[in-house]
Amino acid sequence: MSRRTEIDVRPITEAEFPDWNRALNTGFLQPPAVAEEQLEARRRQFVPGRSLGAFDGDRCVATFRSFDQELTAVGGAPVRADAVSNVTVTATHRRRGLLTRMMAQDLAAAKERGDVVATLIAAEYPIYGRYGFGPATTLTEWAVDVPRAGLDRRWAAPEDGGRIDLVDGADVRKLGPELHERLRRAQPGAVSRTELWWQARTGVVNMNGTPWTEPYYALYRSADGEVEGLASYRTDDHWGDAKQPLNTATVEWLLAVTPAAERALWHYLCSIDWVQTVKSGWRSPDDLLPHLLPDPRAARITTQADWLWVRILDVARALEARTYDGQGALVLEVVDRGGLTGGRWRLEAGPDGASCAPTTESAHLVLDVTELGALWLGDASAVRLAALGRVREERAGAARVVDALLRTSRRPWCPDMF
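Here goes a summary of the coordinates provided.

**Quick notes on the overall build of the chain**
Link 1 in the chain: Scanning the chain from terminus to terminus reveals 11 helices and 19 strands.
Link 2 in the chain: Computed over the C-alpha atoms, the radius of gyration of the chain is 23 Å, within 12% of the 22 Å expected from 2.2 N^0.38 for a compact globule of 418 residues.
Link 3 in the chain: For the C-alpha atoms alone, the extent of the chain along its principal axes is close to 65 × 55 × 40 Å.
Link 4 in the chain: Residues counted as buried form 53% of the 418 residues belonging to the chain.
Link 5 in the chain: Of the contacts formed within the chain by residues at least 6 apart in sequence, a portion of 72% connects residues at least 24 apart.
Link 6 in the chain: Computed over 51 positive and 57 negative side-chain charges, the inter-centroid distance for the chain is 4 Å.

Below is the structure:
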């Protein structure tokens, strides 16, 4: 095997893109060969300088890609983010510091560009904390036992005067982006979607190389005709021995900007003939779904796990970007082994805004930048982190002050995989 110093880590060229994709597929345990259609679709994501590769001679043995993203902070402000994706290291070259080298290059460039945070979805939990990322949102998936839910299976239309229609991919591409923007502006933890996202989810481009099968798309309009909800779902074809339908409707994604739209879409999904189970897809852990059912126990949790991870690149800008319901001030000592944003910071925050600046005052709370990333969107508890030994109070009660300022009444949620 080559020594570490012989492996070159660098931005890839367009000519190296096919080999980089072969390494990407290999790292994700997919068939190594990349079909030309798939390769051309992926080229639309290629931005010079933002796709890194590690090369042992002429062979790519590790991959890394980042792209521009907006992340919604608490209160609705869009924050510039460096979104990290396509991270792999080939099994022959693990434990040789390749990810560390690629991550260091990318985060330094993101800091130089002025990005406030970096984001990623972690395939494995233990990897990214050492680079300063903290788990900032959680996802939950439910499986609804429809016969037990207590809903009227004869239901035909929303009770609020709205309506649901089945639409096609062209309608989704036309109506979906604006609806998503409405949701994103109101949902802490949500991220921006590109035109390519909508094209990939409606069959215009094929990113994964598998044959495209169109899902169903259900559109909710309010009584005044405004689009307020949209869901993509698929169904299987499974029948029991007694010729009883045992079909499952699996939600790929569901957007709703009002509780009425959310209620109507879930009620619709639970009213489809032959469907006995509805799988919710990735939802917020405090989603309304279970309690929209007369019997919430009909919704069984099948998955609950960390989802969006956040790495703070600029403490002051990150803390000033979000809103605060409470009033208070404290000094945070942020430890950043990556050397990007450590130091001691005084935060003064309230309903009218916040200021955060370097200070020489004594710290009230000492924490790693990883824990700050977990706390920033309002989901994690500083009191709980203190009990776990992951933050340290220098002044008694400081963790409670952090929770009173940073925690939110509804939990942050990221609907997307990237």
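Once the structure has been displayed, the description carries forward.
**A few points about the side chain of Ser284**
Link 1 in the chain: With respect to the helices, strands and loops of the structure, Ser284 is situated in the loop between β12 (275-279) and α7 (289-292).
Link 2 in the chain: With relative accessibility at 4%, the residue Ser284 sits in the buried group.
Link 3 in the chain: Within the structure, the side chain of Ser284 is placed 2.6 Å from the side chain of Asp286, a separation counted as a polar contact.

**Observations regarding empty space enclosed by the protein**
Link 1 in the chain: A full pass over the atoms with the stated rule returns 1 cavity of 30 Å³ or more.
Link 2 in the chain: In this structure, the largest cavity occupies an estimated 70 Å³ of space.
Link 3 in the chain: The class makeup of the residues in the lining of the largest cavity is 7 nonpolar, 2 polar and 3 charged.

**A closer look at the sheet that holds strand β2 (residues 51-56)**
Link 1 in the chain: Read from one edge to the other, the open sheet built from 7 strands follows the order β1-β2-β3-β4-β5-β14-β6, with strand pairing classed as mixed. Strands at the two margins of the open sheet, each flanked by one partner only, are β1 (8-11) and β6 (134-135).
Link 2 in the chain: The pairing of strand β3 (residues 59-72) with strand β4 (residues 78-89) spans 10 bridges and is classified as antiparallel. In the strand pairing of β4, Ser66 is matched with Val84.

**A few points about the pattern of salt bridges**
Link 1 in the chain: This model, assessed by the stated rule, comprises 29 salt bridges.
Link 2 in the chain: Two residues, Arg113 and Asp82, come together in a salt bridge whose shortest N-O distance is 3.0 Å. Of this pair, Arg113 sits in helix α3 (residues 98-113) while Asp82 sits in strand β4, and the two are 31 residues apart along the sequence.
Link 3 in the chain: Linking Asp165 and Arg221 is a salt bridge whose minimum nitrogen-to-oxygen distance equals 3.4 Å. Taken together, the residues Asp165 in strand β8 (residues 163-167) and Arg221 in strand β9 (residues 216-221) connect sequence positions 56 residues apart.
Link 4 in the chain: You can call Asp165 buried: its relative accessible area is 19%.
Link 5 in the chain: The network of salt bridges with common partners includes Arg50, Asp68, Arg80, Asp82, Arg113 and Asp115.

**Quick word on the packing of aromatic side chains**
Link 1 in the chain: Applying the stated criterion to the full structure yields 12 aromatic pairs.
Link 2 in the chain: Ring geometry for Phe17 and Trp20: centres 6.0 Å apart, planes at 15°, overall stacked. One end of the pair, Phe17, and the other, Trp20, are both in helix α1 (residues 17-27), 3 residues apart, so they sit about a helical turn from each other. Take Phe17 and Trp20: they sit in the same class, and that class is buried.

Each value, and the rule that gives it
Residues numbered from 1 in each chain as written. Predicted model: local features only at pLDDT ≥ 70, side-chain atom pairs only at ≥ 80, totals over all residues. Heavy atoms only, no water. Helix = DSSP H or I, 4+ residues; strand = E, 2+ residues; numbered from the N terminus. Rg over C-alpha atoms; globule rule 2.2 N^0.38 Å. Buried < 20%, exposed > 50% of the residue type's maximum accessible area, 1.4 Å probe, protein only. Contact = heavy atoms within 4.5 Å. Lys, Arg positive; Asp, Glu negative; His and termini not counted. Charge placed at Lys NZ, Arg CZ, Asp CG, Glu CD. Polar contact = N/O pair within 3.5 Å; in protein donor to acceptor, adjacent residues only side chain to side chain. 1 Å grid on protein atoms, 1.4 Å probe; cavity = no way out; pocket = protein on both sides within 12 Å on 5 of 7 lines; lining within 4 Å. Points joined across faces, edges and corners; volume = space filled by probe spheres on them. Nonpolar A, V, L, I, M, F, W, Y, C, P; charged D, E, K, R; others polar. Pairing = 2+ DSSP bridges. Salt bridge = Lys/Arg side-chain N within 4 Å of Asp/Glu carboxyl O. Phe/Tyr/Trp six-rings, centres within 6.5 Å; stacked < 30°, edge-to-face > 60°.

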